[in-house]
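Residue-level listing of the chains:
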Amino acid sequence: MPKPRVNVNFFNSWSPVMAYILGFIFADGCLVEHKNGYHGLDITSKDLRHLRLIKEQLEAEHKIGKKERGYRIQIRNRNIYNDLTRLGLTPRKSKIIKFPKIPIRYFSHFIRGLFDGDGSVMVWREPRWRHTWQIRVSFTSGCQRFLQDLNKHLQYSAGLLHGKVSHITRGYQLRYLSMPECIIF
């Protein structure tokens, strides 16, 4: 049976789409080393449509499988694996992931991918302060250092201040809190 095809050069040069998918992989992907010698990429998501778009961009013929809590695509390809390690990804990354070197031109695209994978937004009215609207944006990771570095990069590149990294049940969370004057829905 022939191997499914994939664009093995996808991660060789920076583009907005490549940076976005790299960010998403840093959040919801992992590198896998199989005992039989295969190396590859595994991306898991609850959003089937999202995985289909990533598969399309990678020009991958690999199947998307159903998991208990979502969907998964596994791309066994040594070139993809090697390119992702060159870009800073490592096997078993959860607690040791390091923030990658990203050209400033593609930083926002990487952040969008990272946010779509492990980010969240919460909006509510806070009764303690006369029902003032609150917005909290957060990124979650198993690695505290990764979030501290993300906070530094967001401060430098986007001017965001007062990000706070906190311990949560299964890892850490970088949070930004805002109290806007008015939110229009």
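Residues numbered from 1 in each chain as written. Predicted model: local features only at pLDDT ≥ 70, side-chain atom pairs only at ≥ 80, totals over all residues. Heavy atoms only, no water.

**Q** Where do I start with the packing of aromatic side chains in this structure?
**A** Where two aromatic rings form a pair, the distance of their centres and the angle of their planes describe that pair. Under the defined criterion, the tally for this structure stands at eight aromatic pairs. Aromatic side chains Phe-10 and Phe-11 sit 4.9 Å apart centroid to centroid with 85° between the ring planes, which places their arrangement in the edge-to-face category. Given a relative accessible area of 0%, Phe-11 falls into the buried group. By way of ring pairs, the aromatic residues Phe-26, Phe-99, Phe-107, Phe-110 and Phe-146 are connected into one cluster. Directly above the aromatic system of Tyr-71 lies the positively charged group of Lys-66, at a separation of 4.8 Å from the ring centroid. When the ring centre of Tyr-38 is taken as origin, the NZ or CZ atom of Arg-76, which lies over that ring, is 5.2 Å away. (Phe/Tyr/Trp six-rings, centres within 6.5 Å; stacked < 30°, edge-to-face > 60°. Buried < 20%, exposed > 50% of the residue type's maximum accessible area, 1.4 Å probe, protein only. Lys NZ or Arg CZ within 6 Å of the ring centre and 35° of its normal.)

**Q** Explain the sheet that holds strand E3 (residues 64–67) to me, please; I cannot follow it from the model alone.
**A** Two orientations exist for strands paired in a sheet by backbone hydrogen bonds: parallel and antiparallel. Strand order in the open sheet formed by four strands is E1-E2-E4-E3, with antiparallel pairing between adjacent strands. With one partner strand each, in any of the chains shown, strand E1 (29–33) and E3 form the two edges of the open sheet. Mean inter-strand twist for the sheet, computed between neighbouring axes without regard to direction, equals 30°. Packing against the sheet, helix H2 (residues 48–57) makes contact with strand E2 (39–45), E3 and strand E4 (70–76), and its axis sits at approximately 20° to E4. (Pairing = 2+ DSSP bridges. Helix = DSSP H or I, 4+ residues; strand = E, 2+ residues; numbered from the N terminus. Axes fitted to C-alpha atoms, helices over the stretch in contact; angles between N-to-C directions. Contact = heavy atoms within 4.5 Å.)

**Q** What is the right way to look at the pattern of salt bridges in this model?
**A** Side-chain pairs of opposite charge can arise where the charged atoms are in close proximity. Summed over the entire model, instances satisfying the criterion amount to four salt bridges. Here Asp-149 and Arg-145 are joined by a salt bridge, their closest N and O atoms 3.4 Å apart. In this pair, Asp-149 and Arg-145 are both assigned in helix H5 (residues 144–158), four residues apart and thus about one turn of the helix distant. We classify Arg-145 as partly exposed; its relative accessible area is 46%. (Salt bridge = Lys/Arg side-chain N within 4 Å of Asp/Glu carboxyl O.)

**Q** How should the sheet that holds strand E5 (residues 119–126) be read in this particular structure?
**A** Taken together, the four strands give an open sheet; going across it, the order is E5-E6-E8-E7, and neighbouring strands pair in antiparallel fashion. Looking along the sheet, the strands with just one partner apiece sit at the ends: E5 and strand E7 (164–168). For this sheet, the mean inter-axis angle between neighbouring strands, taken without regard to orientation, is 30°. Where strand E6 (residues 132–141) and strand E8 (residues 171–178) come together, seven bridges link them in antiparallel fashion. Directly across from Ile-135, in E8, lies its bridge partner Ser-178. Sitting on the sheet, helix H4 (residues 107–118) is in contact with E5 and E6, with an inclination near 95° to E6. Contacting E6, E7 and E8, H5 runs over the sheet at an angle of about 25° to E8.

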